[in-house]
Amino acid sequence: QFLGDRPAIVVFYASWCGPCCKEMPHMKKLEEELENKDVVFVSVSCDTDVDAWKRKVKELGLEGYQLLDKNNTLGDALNVKGVPFYLIYDKYGNLHTYDARRPSSGRVLKELLEGLK
């Protein structure tokens with residue numbers, strides 16, 4: 001319910017995943033540049049080591065909603081296939097895009113999110 005009738009981008013990642021960590025600065029930049037400030041950013045780590053996850057969140061300066069899916073329960077329920085993995089939800093909570101483009105892919109993701117007002 002924390003989404004509050006707002007669209008969301010949900011990223012599944014892991015602290016040990018090189019490509020995941022390389023995408024995080026692009027994700028932060030996307031969040032800063034996004035004209036639709038009502039988009040909720042949710043990061044879900046599949047780390048099993050809680051301390052490693054906390055260190056990576058601090059190291060990367062991650063903000064917003066930071067969740068830990070230690071047993072991959074949420075990832076399995078949402079059919080997440082590997083990391084990094086991006087899901088886009090509309091403001092009604094419906095899945096809009098499964099396996100969305102990465103933030104480093106250019107304007108495609110930004111334009112998609114801006115269109116979900």
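Everything numeric in this text was worked out from a predicted model, so none of it was measured.

Caption draft 1: Region of the structure containing helix 2 (residues 50-60). Of the residues making up helix 2, those classed as buried are A52, W53, K56, V57 and L60. The arc enclosing the buried residues of helix 2, seen along the axis, measures out at 135 degrees, which places them on a common side. In helix 2, the exposed positions angled more than 90 degrees off the buried face are occupied by K54, R55, K58 and E59. Close packing links the buried residues of helix 2 with strand 1 (8-13), helix 1 (18-33), strand 2 (40-45) and strand 3 (65-68).

Caption draft 2: Structural view of unusual backbone geometry. The step from V83 to P84 runs through a cis peptide bond, and the omega angle for that step is -5 degrees. One non-glycine residue with positive phi stands out, namely N79, at about 60 degrees. Along the chain, the position of N79 falls in the loop between helix 3 (73-77) and strand 4 (85-89).

Caption draft 3: Structural view of the environment of K91. Among the secondary structure elements, K91 is positioned in the loop between strand 4 and strand 5 (95-98). Judged by relative accessible area, which is 30%, K91 ranks as partly exposed. Linking K91 and V39, residues 52 residues apart in sequence, is a C-alpha distance of 8.6 Å. Apart from residues lying up to four places away in sequence, K91 is in contact with D5, R6, P7 and K117.

Caption draft 4: A look at the state of the cysteines. Under the criterion given, the structure shown has one disulfide. For C46, which is in no disulfide, the shortest distance to another cysteine sulfur is to C20 and amounts to 7.2 Å.

Caption draft 5: Spatial organisation of the packing of aromatic side chains. Scanning the model with the defined rule gives one aromatic pair in all. Judged by centre distance (5.1 Å) and plane angle (65 degrees), the ring pair of F85 and Y98 falls under edge-to-face. One end of the pair, F85, is in strand 4; the other, Y98, is in strand 5, with 13 residues separating them in the sequence.

Caption draft 6: Spatial organisation of the sheet that holds strand 3. With mixed pairing, five strands are arranged side by side in an open sheet as 3-2-1-4-5. Of all the strands in the sheet, the pair left with one neighbour each is strand 3 and strand 5. Here the average twist between neighbouring strands, direction ignored, is 20 degrees. Most of the contacts of helix 2 go to strand 3, to which it runs at about 160 degrees, and overall it touches strand 1, strand 2 and strand 3.

Caption draft 7: Main features of the nonpolar core. Formed by 24 residues in total, the largest nonpolar core has its most connected members in I9 and L113. The set of elements that each furnish at least two residues to this core consists of strand 1, helix 1, helix 2, strand 4 and helix 4 (107-114). Tallying contributions element by element places helix 1 first for this core, with five residues. When residues no more than four places from it in sequence are discounted, the contact partners of L113 are I9, L30, L34, N36, V39 and I88. With ten residues, the next largest nonpolar core counts V10, F12, V42 and V44 among its residues.

So, how was this worked out
Residues numbered from 1 in each chain as written. Predicted model: local features only at pLDDT ≥ 70, side-chain atom pairs only at ≥ 80, totals over all residues. Heavy atoms only, no water. Buried < 20%, exposed > 50% of the residue type's maximum accessible area, 1.4 Å probe, protein only. Helix = DSSP H or I, 4+ residues; strand = E, 2+ residues; numbered from the N terminus. Arc of directions from axis to C-beta. Contact = heavy atoms within 4.5 Å. Disulfide = S-S within 2.5 Å. Phe/Tyr/Trp six-rings, centres within 6.5 Å; stacked < 30°, edge-to-face > 60°. Pairing = 2+ DSSP bridges. Axes fitted to C-alpha atoms, helices over the stretch in contact; angles between N-to-C directions. Core = buried A, V, L, I, M, F, W, Y, C linked by side-chain atoms within 4.5 Å.

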